[in-house]
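Structural features, examined
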Amino acid sequence: MENRDACHVLVIGSGGAGIRAAIEASTVGETIIVSKTITGKGGCTVMAEGGYNAVLTSEDSVAAHYEDTIKGGAFLNDPALVEILAREAPDRIRDLFAWGAVFDLTCEDKFAQRSFGGQQIPRTCYAGDHTGHEIVMTLLEKLRGSPVEIRDELTVVDLLKDRNVVFGAIVCNREGELGTITADAVVLATGGAGQIYDMTTNSTAGTGDGYALGYRAGAELIDMEQVQFHPTGVVYPYDTRGRLITEAMRGEGGILLNTKGERFMEKYDPSRMELSTRDVIARSIATEILEGRGTEHGGVWLDVTHLPKEQIEIRLPLMLRQFLQFGIDIRTQPMEVTPTAHHFMGGLRITLETQTTLSHLFAAGEVTGGVHGGNRLGGNALADTQVFGFRAGRAAAAVESVAKRKMDTVQIDATEEKISRLYEGQATSAKIRRLMKQIMWNNVGIYRNEFDLKVAERDIAKLRAMPLVISSPREISDAFITENMLLVASLVIDGALLRRESRGAHTRIDIKASWTNETSPFGHTFFSKTRSGIEILEGRL
Amino acid sequence: MIVRISRFDPDKDAVPHVETYDVHVASGAHVLNVLDMVRDKFDPTLGYRCCCRAGQCGSCAIRVNGKPVLACTEEARDGDLIESLELPSIQDLITDVTQVVAQIAWLNPRAASLSCGCGVTHETIEEIKPLRECIECYSCVSSCPAYAVSEYAVPTVMRQEQRLNLDPRDVDDRIGEAIARGLFACTSCHKCVEVCPKKIDIPRKAVEKLRIEAAKRGLSLPAHMELARLVEETGRSIERKSTSFLEYVPDVIEPEGEVRATIGFFVGCMFNGRVNQSALDAIEVFRKNGIRVLIPKDQVCCGSPLIRTGLSNFVPELMQRNIAAFVNAGVDTVFTMCAGCGSTLKKDYDTPFRVADITEYLCEVGFVPPTKIAGTYTYHDPCHLLRGQGISKQPRELLRSFVEKFVDMPAHCCGAGGGVKSGFPDEAASIGAVRAEMVAATGADFIVTICPFCEYHLRRVTGLPVKNIATLMLEGYLK
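Residue indices begin from 1 for each chain and proceed along its sequence in written order. Chain letters start at A and ligand numbers start at 1, both assigned in the order the entries are written. Restriction of local features to residues with pLDDT of at least 70 applies here, the model being predicted, together with a cutoff of 80 or more for giving and counting side-chain atom pairs; totals for whole chains, interfaces and linings are based on all residues. In computing side-chain values, all of the structure's heavy atoms are included and hydrogens and water are not.

1. A short note on the overall build of chain A
Worth spelling out the cut-off: Helix numbering and strand numbering both begin at the N terminus, where a helix is a DSSP run of H or I of at least 4 residues and a strand a DSSP run of E of at least 2. For a compact globule the rule gives 2.2 Å times the number of residues to the power 0.38, and the radius of gyration it is set against comes from C-alpha atoms. Relative accessibility thresholds used throughout: buried, under 20% of the residue-type maximum; exposed, over 50%; partly exposed, between the two (1.4 Å probe, protein chains only).
Counting its regular elements, chain A contains 15 helices and 20 strands. For a compact globule of 541 residues, the expected C-alpha radius of gyration is about 24 Å, and chain A comes in at 22 Å, within 12% of that figure. By principal-axis analysis of the C-alpha atoms, chain A measures approximately 65 × 55 × 55 Å. Classification of the 541 residues of chain A by burial places 68% in the buried group.

Have a look at this one:
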């Protein structure tokens, strides 16, 4: 193997959290950022539309942001992580602004803020309806001016480990050549895994590699059953199904209607209506559709036609243009929407310093669990990437440099051995993924029950047992990613079976519980190679 | 659906080759869905990039039937030819963009700005916004005629220079940097705007603005400054060598027969001072079609050469004089036969009268078909007519009505615009050479166009006779 590299900090993933971590780490030591796409393009940050939550006015408070987040998260969040999120989000958005971010400002030249679901006061900063794109462009400018070494289109196959210490990664390039990058510390910032579902807002790169890399290396994950279904995804044309329609649509005043013309949120959450939390709205829409009040394409109506045309043109230009492409003018016509797999609240268990349960392995952003509990508030994900990306970069850089570790040839030999077996496999990645996406969508969606979950468990296990096949080295990365996706799918199912209650985004229709989110005796579900289960809060039993 | 995909394997192929695939996709499927299908059903090694699948990340830019598009937002059609962008090829549809990325400037934040508002206002933000939507798909790079033959550092690099120039948080000198990266090499052909998925108007919102800043610092090209001096002194961008058109034509030219309509004639410097005959021919064409032509004598240069080169101090006065001239003449429609003048009057002016290109007007009011003319003709779209005014059908309609054989030719800048011909003649010649090859491929004996700058330049680079459309029409009428 010829491609060997070494650095102080290796960052895996190039969305908002990864780039932020790399920028921070590079102020201390040599840093490499690895992306399986072109840096900045692959993560979901660049696609984020609505905004970034930060407490910036005297009417708002860190305590209020904390309270909204915990409440929205069904009290499953790690309180200390939430505290950090609320406290540091303002500083991190100020960093972005100092680095050139083009956020919308009010006429008084202050950050403009709008309402998102589950907020007591408008707290969501934005750049039109392409806030994530703006953040990534700002971060890219900063990154290009930093000493960080950028490695594009390199897939991480596995983490390198020496006993319990992570010290780098095995990588695979576009041509299928293996290589290694050793590092004193590694940051995982690989985002979520919406791609395990048939309908998702996620980019093609949202395959949950970090969950799988961490798990295989021995790290512990939590709450993997908590998959947020964004209430408003595109219904058709068929090939665009699942694409995100921003929450800003509702933030700006959009309303939801069923085919009888009823504003149905009156039934489910009369006080918050369309600005209820995402879990509640997604379930409400799903119920309307299940009970026969959905459109012929299987959606409900999201309507902004009552808003001034100018407001739509200025605040939602991207959405306006996107729908015009499909022949729908949202200024005069309603949109058809349906819930779509969006955000993984679960992930690697981290400390306040973003340390995972493995030494020298840090994590930030959607790949982690605990910050958002059972349901993430709109606008908290972008804040999460910056707050914890910064912390991960700083903490990883603080790891002491060690003398050169000895390369574990066993790990590399095993990878090469695995690759050689791929040429004799049976099932293509394309086929396995198609089947997996259907299983997950049909059996592990918004409404869950034990029977469907068991079926899914069996069927995913069958897929995992099928040997994957490739015909050329260029397909190696794809095969490894397919394996990652199957592993993540099985963790989601495990969690959904373990959590015998409805909590946050996870709804078990076969179980009636006598407790509320706040009094539930259950804590996190947890998964590692050595143990899995659900935490019982003794005091509440 | 049948699609053709340009394949290239660096290990096996010297040059790309096209393969044909028969795929089944749902209605409304995008090109990206077709590529997915080809990869999943026929060849898992098909190389292409994609990420967000929603037109936001810019990964999947490719060419479909020669035109740069995002695969995820372009609807797939039967028979599509799918190729990579015109950048160094890596494999199949994957291209090497590292050289381009390396030229995109980054903001150098002032140290103090970490704690203060750094002077960024609501207005600053609104001004930068249109330049900020770039998703770095590099479609503009693939299509830029200047980038292909010169040191021009591509449209999106200029966009970024102006974005930084506008930002008080940035401390670096972006004007010097933009000049070093080829600021004056843009021909203002607007091809980059046409192919941009976000329709960012880089020539107007970045290149011209940066050139204005350069002018303020005295950094304009000498040839451009000379031109600006001439306009300020004489009201014209062409030196007077003999009697000009305006000096010997009457103010009003009556048509043959009944008067169907009256129109003002905005002559433009080239037709006034250098190629008078074409302008005289145009008047004759209008006479044959029953249209009275009014020619106010106090009209001056439209200001286009100044606006394109950033030396626009004198432009407000030119605008005032021109608008007054035609308002006093009492016309409600003014025609141009210079693509640059027409585009400038339509886009940079706010005129109380309508401005129409000669072909646009003739097709609208109807024209007497000229007698058939022998020979094979092709038409060169002037950039300032095609993209500046959105006119491409009318000239073709006219030509098809009376030339013996018309061979169509795809549009491509000839290299004469944006002050490039005077500033960088070598670059203009190189772009012209590309255009000459395209002309040769049509097998035409004559080129027809509606821009005196294109006409002049094409004659030189192709060696073929280049005719103004009015001249050719008149030939038909006189037969």
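2. A few points about the packing of aromatic side chains
What counts is decided by this rule: When two rings of Phe, Tyr or Trp (its six-membered ring) have centres within 6.5 Å they constitute a pair, described as stacked for plane angles under 30 degrees, edge-to-face for angles over 60, and tilted for the intermediate range.
Per the counting criterion, the structure on display carries 16 aromatic pairs over all chains. With a centroid separation of 6.3 Å and an interplanar angle of 80 degrees, the aromatic rings of A:Phe264 and A:Tyr268 are classed as edge-to-face. Owing to a relative accessible area of 29%, A:Tyr268 belongs among the partly exposed residues under this scheme. For the pair B:Tyr377 and B:Phe446, a centre-to-centre distance of 4.7 Å together with 15 degrees between the ring planes defines the contact as stacked. Linking B:Tyr377 in strand β13 (residues 373-379) with B:Phe446 in strand β15 (residues 446-449), this pair joins segments that are 69 residues apart in sequence. Among the residues examined, B:Tyr377 registers a relative accessible area of 1% and is labelled buried. Among the aromatic side chains, those forming a connected cluster through ring pairs are B:Phe245, B:Phe265, B:Phe286, B:Phe335 and B:Tyr361.

3. Let's talk about helix α5 (residues 209-217) of chain A
All names here are of chain A. Here α5 lies mainly inside the structure; eight of its nine residues are buried. Asp209, Gly210, Tyr211, Ala212, Leu213, Gly214, Tyr215 and Ala217 are the residues of α5 that are buried. The first or second residue beyond α5 is Gly218, which carries a positive phi of 110 degrees.

4. Comments concerning the sheet that holds strand β14 (residues 403-407) of chain B
Residue and element names in this part refer to chain B. The test is simple: Strands pair, by our definition, only if DSSP identifies at least two bridges between them. Interaxial angle, 0 to 180 degrees, is taken between N-to-C directions of lines fitted to C-alpha atoms, where a helix line uses only the stretch in contact. Residue contacts are counted whenever heavy atoms from the two residues lie within 4.5 Å of one another.
Sheet architecture is open: four strands sit in the order β14-β13-β15-β16, paired in parallel fashion. Both edges of this open sheet fall to β14 and β16 (466-468), since each of them pairs with a single strand only. Strand after strand, the sheet turns through a mean of 40 degrees between neighbouring axes, direction not considered. Against the sheet, helix α23 (residues 469-478) touches β13, β14, β15 and β16, its axis set at about 80 degrees to β16.

5. Quick word on the domain arrangement of chain B
Residues and elements named next belong to chain B. This is how the line gets drawn: An automatic or database domain assignment provides the domain bounds reported here. Accessible area that two parts lose when put together, evaluated with a 1.4 Å probe and summed over both, is termed the buried area. The salt bridge criterion pairs a side-chain nitrogen of Lys or Arg with a carboxyl oxygen of Asp or Glu, the two atoms within 4 Å. Pairs of N or O atoms are called polar contacts if they sit within 3.5 Å, as long as, within protein, a hydrogen donor faces a hydrogen acceptor (for residues adjacent in sequence, only side-chain-to-side-chain pairs).
Taken as a whole, chain B is organised into domain 1 (2-95), domain 2 (111-216), domain 3 (245-364) and domain 4 (370-478). In this assembly, seven residues from domain 2 lie in contact with nine residues from domain 3. If you sort the residues of domain 2 by the area they bury against domain 3, Arg204, Glu208 and Arg211 come out on top, with a joint share of 64%. Linking domain 2 with domain 3 are two salt bridges, by the criterion used here. A salt bridge links Glu208 to Arg308, with the shortest nitrogen-to-oxygen separation between them at 2.8 Å. Connecting domain 2 to domain 3 are three residue pairs in polar contact (both at pLDDT 80 or more).

6. Some points on the domain arrangement of chain A
Residues and elements named next belong to chain A. For chain A, the assigned domains are domain 1 (235-338) and domain 2 (409-540). In this assembly, six residues from domain 1 lie in contact with five residues from domain 2. The contact between domain 1 and domain 2 buries some 440 Å² in all, and 61% of this surface belongs to carbon and sulfur atoms. At the junction of domain 1 with domain 2, the criterion picks out zero salt bridges. Inspection of the region where domain 1 meets domain 2 yields four residue pairs in polar contact (both at pLDDT 80 or more).

7. Overview of the packing of helix α1 (residues 16-25) of chain A against helix α11 (residues 380-397) of chain A
Residue and element names in this part refer to chain A. The test is simple: If an angle is under 35 degrees, it is roughly parallel; if it is over 145, roughly antiparallel; if it lies from 65 to 115, roughly perpendicular; otherwise it is oblique. Definitions for this section: a left-handed crossing has its near helix turned counterclockwise from the far helix by less than a right angle. A right-handed crossing has that turn clockwise. Amino acid classes used here: Ala, Val, Leu, Ile, Met, Phe, Trp, Tyr, Cys and Pro are nonpolar; Asp, Glu, Lys and Arg are charged; the rest, including Gly, are polar.
Relative orientation of the contacting elements α1 and α11 amounts to 40 degrees, with a least axis distance of 7 Å. Between α1 and α11, the angle falls in the class oblique. The interaxial crossing formed by α1 with α11 has right-handed handedness. Along the contact surface, α1 presents Gly16, Ala17, Arg20, Ala21, Glu24 and Ala25, while α11 presents Thr385, Gln386, Gly389, Phe390, Gly393, Arg394 and Ala397. Classifying every residue of the contact of α1 with α11 by side-chain character gives five nonpolar, five polar and three charged.

8. As for the nonpolar core
As a reminder, the rule being used: Here the nonpolar core consists of buried residues drawn from Ala, Val, Leu, Ile, Met, Phe, Trp, Tyr and Cys, with membership extended through side-chain atoms lying within 4.5 Å.
In this structure, A:Leu10, A:Leu159, A:Ile196, A:Tyr197, A:Phe344 and A:Met440 are the most contacted members of the largest nonpolar core, which totals 194 residues. Residue contacts for A:Met440: discarding those within four places in its chain leaves A:Ile196, A:Tyr197, A:Gly445, A:Ile460, A:Ala489, A:Val492 and A:Ile493.

9. Some points on the pairing of strand β11 (residues 227-234) of chain A
One face of the sheet, then the other: side chains in a regular strand alternate in exactly this way. Residues and elements named next belong to chain A. Most of β11 is tucked away, with eight of its eight residues classed as buried. When β11 meets strand β14 (residues 335-344), the two strands line up antiparallel, connected through six bridges. Paired with Gly233 across the bridge in β14 is Thr338.

10. Things to note about the pattern of salt bridges
Applying the stated criterion across every chain yields a total of 89 salt bridges over all chains. The shortest N-O distance in the salt bridge between A:Arg474 and B:Asp9 comes to 3.1 Å. With A:Arg474 in the loop between α14 (450-465) and α15 (476-498) and B:Asp9 in the loop between β1 (2-7) and β2 (17-22), this pair bridges two chains. Residue B:Asp9 is classed as buried on the basis of its relative accessible area, which comes to 14%. One salt-bridge network, held together by shared partners, links A:Glu134, A:Glu141, B:Arg132, B:Arg163, B:Asp167 and B:Arg169.

11. Here we look at the confidence of the model for chain B
Rules: The score called pLDDT rates the predictor's confidence residue by residue, from a low of 0 to a high of 100.
When the pLDDT values of chain B are averaged, the result is 94; 98% of them are 70 or greater. When pLDDT is averaged over each element of chain B, strand β5 (residues 81-83) of chain B comes out on top at 98 and helix α20 (residues 420-423) of chain B at the bottom at 88.

12. As for the environment of A:Gly206
Residue and element names in this part refer to chain A. Relative to the elements of secondary structure, Gly206 occurs in the loop between β9 (178-188) and α5. By relative accessible area, Gly206 is classed as buried at 5%. For Gly206 and Ile412, which are 206 residues apart along the polypeptide, the C-alpha to C-alpha distance reads 26 Å. The contacts of Gly206, once residues within four sequence positions are left out, are Gly192, Ala193, Gly194 and Gln195.

13. Side note on the sheet that holds strand β13 (residues 300-303) of chain A
All names here are of chain A. Taken in spatial order, the four strands of this open sheet run β11-β14-β13-β12, and their pairing is antiparallel. A single partner strand is all that each edge strand has here, and the edge strands are β11 and β12 (255-257). Going from strand to strand, the sheet's axes swing by 45 degrees on average, the running direction of each strand aside. Examined bridge by bridge, β13 and β14 share three bridges and lie antiparallel to one another. Looking at β14, one finds that Leu302 is bridged to Met335.

14. Overview of the interface of chain B and chain A
The interface is formed by 54 residues belonging to chain B together with 48 residues belonging to chain A. For chain B, the biggest contributors to the area lost against chain A are B:Cys51, B:Gln56 and B:Arg132; these three give 15% of the whole. Where chain B touches chain A, the interface holds nine salt bridges. A:Glu134 serves as the salt-bridge partner of B:Arg132, at 2.9 Å between the closest nitrogen and oxygen. Summed over the shared surface of chain B and chain A, the result is 26 residue pairs in polar contact (both at pLDDT 80 or more). With six residues, helix α3 (residues 122-132) of chain B is the largest single contributor of residues to the side of chain B that touches chain A.

15. Considering the pairing of β9(A)
Residues and elements named next belong to chain A. The element β9 is extensively covered by neighbouring structure, given that 11 of its 11 residues are classed as buried. Relative to β9, strand β1 (residues 3-12) runs parallel, the two being bridged by nine bridges. Residue pairing for β9: Val9 is matched across the bridge by Ala185. The pairing of strand β8 (residues 165-173) with β9 spans five bridges and is antiparallel. Bridged to Ile170 within β9 is Thr180. Between the end of β8 and the start of β9, which pair antiparallel, lie four residues, with Gly176 showing a positive phi angle near 85 degrees.

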